[in-house]
Amino acid sequence: MVSRIIPVDPFDLTIFGGTGDLARRKILPGLYRRFWAEQMPEDARIIGAARSEMSRKDFQDMVREALLEFVAGAKRDTDRIEAFLDHIHYVAIDAKGEGGWPDLKAMQRDGVVRAFYFSVAPGLFGDLAERLHAHGITDDDSRIVVEKPFGRDLASARTLNATLAEHFDEHQIYRIDHYLGKETVQNLMAVRFGNILFEPLWNAQYVDHIQITVAETVGVGGRGQYYDKSGAMRDMIQNHLMQLLCLIAMEPPHQFDPDAVRDEKLKVIRALDPVDPSDIVRGQYGAAKGTKSYLEDVEDSGSATESFIAMKVHVSNWRWKGTPFYLRTGKRLRGRASEIAIIFKKTPHSIFGEQEEQRGNALVIRLQPNEGMNLRVTIKEPGPGGMRLVEVPLDMSFADALGPEAADIPDAYERLIMDVIRGNQTLFMRGDEVEAAWAWTDPIIDGWEARGDRPKTYEPGSSGPEESAMLLHREGRRWREIRE
Ligand code: NAD
């Protein structure tokens, strides 16, 4: 396969929170991989900005360490790491004070893309936007990248949108949802809109139901206090799972253009029905040998925050009326697996007579681990013995068809950062989308609080509370097994 990597325009990317966990684990390794792939222009600069006073060399040492720890195979390529470090700069800056801002201003160059990644606590987003503007560091083409969480309810999201809008136009604001940067998520759009095969079946007439699962094996760990203020609904459903639902449910945009795509996603969010409390199951993991319970992890025996949620959601429009979307996400589950499964209806009549019942077609889009897609189809079991049917997965993964290079999939962050530099907002959330998602989420959370709803305890290493299975059983359906 011929590599089609096109270098991006020269840029200065300032990472606020450059010494933080996200920068070290994802952003800097992602940039290194783009450098390695020769996509980064020679004069690109990455400017770490954080509160700590440190020299450029100290920061370069920290970046080297992060790359050695978080980039597979980096140890074999130390020369390349050193070359990458030439692009790295540092400025000590306080988001809440005036220190460091003139230094950052002095570092700016004309004629390059200026991007500013807000990888700091959300409480600082407004301060950064304000000071970037006040110190004349940004121009009309500058971009800001805003990490999650974007608000904790509709009111706070609106306030944040309004604060950012005081200093930046919407086309300059990149609200990141890294799920949208995943290769298979984009492949979902390619499969839907690049083929004639699926689209005619992509509706309530032919799709029985849809399952979206994001399962983790880890607990809340050291992030307990932070997580306890959000829970699975705010941390996962309102953003990641909602975005996946939108991509599955949306109408074909008239072109693959940022606003055309986001307009269609917004229509889906607006078409979501309010959710009946009986269609939601919330859970908290219990203790197991050697692992603490959720309540111990967050050090609050009275916490009513959920570490698991399963829910049935309806999109009320012509395409989807009557087809449920089941969403499920949680921590300390039996496997680490994220997937979307489109379960098609069964054939209206079996011409093969009394057979062992077939489950019907399913398109499974696997986000992690082992990104890929497969289509479950029914075929004849080979060999003699009459017409016996068997279900097989038609593998639509990349490596076999496109060569080994295609298996080397860029991480979501590296793709998204390059999109920021290219000025392409298609895979970023627009302000109105985020607000619409909160407008749907708020009444659900308010309802729990008003009723004093408490999550059910579930066994660590399981698939969540029993009631989650019942949510589908009562309608003659079942969750796909959570498998790594
Ligand atoms: P962190 O606590 O590890 O790092 C915070 C960074 O902010 C540090 O570099 C610190 O020096 C800097 N900082 C703190 N106060 C500052 C101030 N007043 N002025 C300037 N810099 C200041 O946090 P993190 O885990 O890297 O998360 C950063 C952001 O990314 C948060 O919004 C978080 O919600 C989001 N996020 C993190 C992850 C993750 O995996 N870590 C995943 C998704 C989203």
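Coordinates for the structure precede this section.
Note that the coordinates shown come from a computational prediction; the quantities given were computed from them, not determined experimentally.

Caption draft 1: The arrangement of the environment of Leu-427 in detail. Here Leu-427 shows up in the loop between helix H13 (412-422) and helix H14 (431-451). Distance in space between the C-alpha atoms of Leu-427 and Gly-322 is 29 Å, their sequence separation being 105 residues. With residues up to four places along the chain from it excluded, the contact list for Leu-427 reads Leu-180, Gln-186, Met-189, Arg-415, Leu-416 and Asp-419.

Caption draft 2: Inspection of the pattern of salt bridges at higher detail. Under the counting rule described, the total for this entry stands at 38 salt bridges. For Arg-319, the salt bridge is made with Glu-199, and the minimal N-O distance between the two is 3.0 Å. On the criterion of sequence distance, the pair formed by Arg-319 in the loop between strand E9 (308-314) and strand E10 (324-330) and Glu-199 in the loop between helix H7 (183-193) and strand E7 (207-215) is long-range, its members being 120 residues apart. Pair check on accessibility: Arg-319 and Glu-199 agree, each one buried. Residues Arg-422 and Asp-419 are paired through a salt bridge, measuring 2.5 Å at the closest nitrogen-oxygen approach. Of the two residues, Arg-422 and Asp-419 both sit in helix H13, 3 residues apart, roughly one turn of that helix. Asp-419 sits in the buried class, given a relative accessible area of 7%. Connected via shared salt-bridge partners are Asp-259, Arg-262, Asp-263, Arg-430 and Asp-432.

Caption draft 3: Examining H13 more closely. In terms of residue burial, H13 counts as a mostly covered element, since 10 of its 11 residues are buried. Among the residues of H13, those classed as buried are Ala-412, Tyr-413, Glu-414, Arg-415, Leu-416, Ile-417, Met-418, Asp-419, Val-420 and Ile-421. Gly-423 sits one or two residues past H13 and shows a positive phi near 80 degrees.

Caption draft 4: Representation of the nonpolar core in the model. Grouped together as the largest cluster of nonpolar side chains are 113 residues, with contacts concentrated most on Phe-84, Tyr-117, Leu-245, Met-311 and Trp-440. Sorting elements by how many residues they give to this core places helix H9 (residues 231-249) first, with 12 residues. Lining this core are residues from two domains, each supplying at least three of them: domain 1 (11-147) and domain 2 (180-412 + 429-473). Those residues within four positions of Trp-440 in sequence are excluded, and the remaining contacts are Met-233, Ile-237, Met-242, Leu-272, Asp-273, Pro-274, Val-275, Met-311 and Val-313.

Caption draft 5: Quick look at the site of the ligand. Thr-19, Asp-21, Arg-25, Ala-95 and Val-120 are the nearest of the 19 residues found near the ligand. The separation between an oxygen atom of the ligand and a polar main-chain atom of Val-120 is 2.7 Å. The separation between an oxygen atom of the ligand and a polar main-chain atom of Lys-148 is 2.9 Å. Contact with the protein chains hides 75% of the accessible area of the ligand, taken as 840 Å² for the molecule alone. Of the residues assigned to the shell around the ligand, the class counts are 8 nonpolar, 5 polar and 6 charged.

Caption draft 6: Quick peek at the pairing of strand E13 (residues 372-380). Sheet topology places strand E12 (residues 362-368) next to E13; 5 bridges connect them, and they run antiparallel. The residue of E13 that forms the bridge with Ala-362 is Arg-376. Taking the residues between adjacent antiparallel strands as the criterion, E12 and E13 are bridged by 3 residues, where Asn-370 takes a positive phi near 55 degrees. Where E13 lies against strand E14 (residues 389-395), 7 bridges are found, and the strand directions are antiparallel. Note on E14: the bridge partner recorded for Val-377 is Val-392.

Caption draft 7: The arrangement of the sheet that holds E7 in detail. The strand order E14-E13-E12-E11-E7-E10-E9-E8-E15 describes an open sheet built from 9 strands, whose pairing is mixed. The strands lining the two open edges of the sheet, one partner per strand, are E14 and strand E15 (456-458). Adjacent strand axes in the sheet meet at a mean angle of 20 degrees, parallel and antiparallel pairs treated alike. Here E9 pairs with E10 via 7 bridges, running antiparallel. Note on E10: the bridge partner recorded for Lys-312 is Tyr-326. With respect to the sheet, H14 is in contact with strand E8 (280-285) and E9, its orientation differing from that of E9 by roughly 125 degrees.

Caption draft 8: Spotlight on a nonpolar patch on the surface. On the surface, a cluster of nonpolar side chains totalling about 320 Å² of accessible area is made up of Ile-351, Phe-352 and Met-387. The exposure class of Ile-351 is exposed, given its relative accessible area of 67%.

Caption draft 9: Representation of the packing of aromatic side chains within the structure. Counted according to the given criterion, the structure contains 15 aromatic pairs. Ring plane angle 90 degrees and centroid distance 5.7 Å describe the contact between Tyr-285 and Tyr-294, whose orientation is recorded as edge-to-face. The pair Tyr-285 / Tyr-294 is uniform in exposure class, with both members buried. An angle of 75 degrees between the planes, with centres 6.5 Å apart, marks the rings of Tyr-285 and Tyr-458 as edge-to-face. You can see Tyr-285 sitting in strand E8 and its partner Tyr-458 sitting in strand E15, a full 173 residues away along the chain. The class for Tyr-285 is buried, based on a relative accessible area of 2%. According to the relative accessible area criterion, Tyr-458 is buried, its value standing at 3%. Taken together, the aromatic side chains of Phe-16, Trp-101, Phe-116, Phe-118 and Phe-125 make up a single cluster linked through ring pairs. A cation over a ring is seen here: Arg-282 above Trp-448, with NZ or CZ 3.9 Å from the ring centre.

Conventions adopted
Residues numbered from 1 in each chain as written. Predicted model: local features only at pLDDT ≥ 70, side-chain atom pairs only at ≥ 80, totals over all residues. Heavy atoms only, no water. Helix = DSSP H or I, 4+ residues; strand = E, 2+ residues; numbered from the N terminus. Contact = heavy atoms within 4.5 Å. Salt bridge = Lys/Arg side-chain N within 4 Å of Asp/Glu carboxyl O. Buried < 20%, exposed > 50% of the residue type's maximum accessible area, 1.4 Å probe, protein only. Core = buried A, V, L, I, M, F, W, Y, C linked by side-chain atoms within 4.5 Å. Domains from an automatic or database assignment. Near = heavy atom within 4 Å. Polar contact = N/O pair within 3.5 Å; in protein donor to acceptor, adjacent residues only side chain to side chain. Areas by Shrake-Rupley, 256 points an atom, 1.4 Å probe, with all protein chains shown as cover. Nonpolar A, V, L, I, M, F, W, Y, C, P; charged D, E, K, R; others polar. Pairing = 2+ DSSP bridges. Axes fitted to C-alpha atoms, helices over the stretch in contact; angles between N-to-C directions. Patch = residues over 30% accessible without salt bridge, like charges linked within 9 Å, V, L, I, M, F, W, Y side chains within 5 Å. Phe/Tyr/Trp six-rings, centres within 6.5 Å; stacked < 30°, edge-to-face > 60°. Lys NZ or Arg CZ within 6 Å of the ring centre and 35° of its normal.

Nothing here speaks to function; it is geometry throughout.
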